[in-house]
Amino acid sequence: MLTGTIVKGIGGFYYVKTAEGLIECRARGRFRKDGASPMVGDVVRITITTEDAKKGSVDEILPRKNAFIRPPVANIDQLVVTISVKNPESSLLLADQLTVTAEAAGVLPVICINKQDLDEKRAAEIQKIYETTGYTVILTSAKDETGLDGLKAILKDKITALAGNSGVGKSSLLNRLSEGFSLETGTVSNKTQRGRHTTRHTELLELPFGGYVFDTPGFSSYAAEGITAAELQNFFPEIKRVEEPCRFVGCAHMAEPGCAVKEAMEAGKITPERYESYQALYQELKQIKPWEIK
Ligand SMILES: Nc1nc2c(ncn2[C@@H]2O[C@H](COP(=O)(O)OP(=O)(O)OP(=O)(O)O)[C@@H](O)[C@H]2O)c(=O)[nH]1
Ligand SMILES: [Mg+2]
Ligand SMILES: [Zn+2]
């Protein structure tokens, strides 16, 4: 029996990196029945099934540290939330769906503002918005190769997933980090200002300077999974830091009178953009019935 890590999964095949090399595996039937199918990032036990020792079967998934549906990854140390300054237009709501998803799983988000070359001023504005969260914020340009040392320092010796909507430049950034990477990159449509969903499958890559990184496909939404509207405030660090109590116990910080969170926003401790994301996500989570929460 061999142990390894799933680095890619395509069409029912899982590519498992082991001490004996890369083995193409099928999952055993019972995974499908249990509903716990293997994910990229899973540490698994496999059995070799062919004489040339190139193929095998996944027999067991070892306990996960964490697992996400969007992006579809398991066992990460941190999530790099990638935002583009423009082309495609920066979607802070999408970014905040990701920071909340990470926080809810106990994973630290890092904010990467890419395509800095396209609009320095807007890049600085987005940087300011995220500085109030306390998260590490970096500015990059995969085109001009700026900010890459900062990105490397964040990725070094950790297991990181790069996430963000299609076209923000996740694969382009990774291609700049190693001579050995040749990830496919796409274009952004001039007409719709959308990426083309170039990366179709999550892939786990080994960094030449230590650590591992997942390139993931971009999605148009990252619905925060498995949390309730009432819990949402715990996943906005700048809201959690508000010490003054609201007038009403159990205040949802939506539009109640005497809301300390609203006051903190007016005092500049929370940005209007993040507060807006909180409110939009709260509304969204409120629609979910309790029995729909996993
Ligand atoms: N100007 C500029 N263009 C960039 C930068 N980074 C990426 N691009 C361009 O943006 C487009 C999309 O880049 P990708 O790396 O494919 O984006 P992605 O996030 O991997 O997208 P998906 O795989 O579809 O999720 C390509 O045309 C890149 O050349 C940057 O820093 N500046
Ligand atoms: Mg990509
Ligand atoms: Zn309140």
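Residues numbered from 1 in each chain as written. Chains lettered and ligands numbered in written order. Predicted model: local features only at pLDDT ≥ 70, side-chain atom pairs only at ≥ 80, totals over all residues. Heavy atoms only, no water.

**Thoughts on the coordination of the zinc ion (ligand 3)**
Coordination of the zinc ion (ligand 3) by the protein involves Cys-246 (SG), Cys-251 (SG), His-253 (ND1) and Cys-259 (SG), with metal-donor separations of 2.1 to 2.4 Å. Viewed at the metal, the 4 donor atoms of the zinc ion (ligand 3) are separated by angles of 101 to 118°, and the geometry they form is tetrahedral. Sequence spacing of the donor residues for the zinc ion (ligand 3), all on one chain, is C-x4-C-x1-H-x5-C. Judged by its relative accessible area of 7%, Cys-251 is buried. For His-253, a relative accessible area of 5% translates into the label buried. (Donors = N, O, S within 2.8 Å, 3.2 Å for Na, K, Ca; no water. Tetrahedral: all angles 85-135°; square planar, octahedral: opposite > 155°, others 65-115°. Buried < 20%, exposed > 50% of the residue type's maximum accessible area, 1.4 Å probe, protein only.)

**As for the pairing of strand E6 (residues 78–84)**
In summary, the side chains of a regular strand alternate between the two faces of the sheet. The element E6 is extensively covered by neighbouring structure, given that 7 of its 7 residues are classed as buried. Alternating positions in E6 separate into two faces, Gln-78, Val-80, Thr-82 and Ser-84 on one and Leu-79, Val-81 and Ile-83 on the other, with burial throughout. Relative to strand E7 (residues 108–114), E6 runs parallel, the two sharing 7 bridges. Residue pairing across strands places Ile-83 opposite Ile-113, the latter belonging to E7. Regarding topology, helix H2 (residues 92–104) serves as the crossover connection from E6 to the parallel E7, and that connection is right-handed. Summarising the sheet, E6 and strand E9 (residues 159–163) pair through 4 bridges and their orientation is parallel. (Helix = DSSP H or I, 4+ residues; strand = E, 2+ residues; numbered from the N terminus. Pairing = 2+ DSSP bridges. Right-handed = clockwise from strand over helix to strand, strands pointing away.)

**With respect to the coordination of the magnesium ion (ligand 2)**
Those protein atoms acting as donors to the magnesium ion (ligand 2) are Ser-171 (OG) and Thr-199 (OG1), and they sit at 2.0 to 2.1 Å. On the criterion of sequence distance, the pair formed by Ser-171 in helix H5 (residues 170–175) and Thr-199 in the loop between H5 and strand E10 (203–206) is long-range, its members being 28 residues apart. Under the relative-accessibility criterion, Ser-171 is labelled buried at 7%.

**Concerning the domain arrangement of the protein**
Taken domain by domain, the protein consists of domain 1 (2–61), domain 2 (78–215) and domain 3 (229–292). Distance between the C-alpha centres of domain 1 and domain 3: 43 Å. (Domains from an automatic or database assignment.)

**So, the site of ligand 1**
The full set close to ligand 1 counts 22 residues, and Ala-142, Ser-166, Ser-172, Gly-186 and Thr-199 are the nearest of them. Between ligand 1 and Thr-199, the relevant distance is 2.7 Å, taken from an oxygen atom to a side-chain nitrogen or oxygen of the residue. Protein contacts shield 87% of the accessible area of ligand 1, which totals 660 Å² for the unbound molecule. Per-element accounting of the shell around ligand 1 gives the leading share, 3 residues, to H5. Taken together, the residues that form the shell around ligand 1 break down as 4 nonpolar, 14 polar and 4 charged. (Near = heavy atom within 4 Å. Polar contact = N/O pair within 3.5 Å; in protein donor to acceptor, adjacent residues only side chain to side chain. Areas by Shrake-Rupley, 256 points an atom, 1.4 Å probe, with all protein chains shown as cover. Nonpolar A, V, L, I, M, F, W, Y, C, P; charged D, E, K, R; others polar.)

**Quick look at the pattern of salt bridges**
Taken as a whole and judged by the stated rule, the model has 13 salt bridges. With its nearest N and O atoms 4.0 Å apart, the salt bridge here joins Lys-262 to Glu-266. Within this pair, Lys-262 and its partner Glu-266 are both found in helix H7 (residues 260–266), separated by 4 residues, close to a single helical turn. Judged by relative accessible area, which is 58%, Glu-266 ranks as exposed. Through salt bridges with shared partners, a single ionic network connects Asp-96, Glu-238 and Arg-274. (Salt bridge = Lys/Arg side-chain N within 4 Å of Asp/Glu carboxyl O.)

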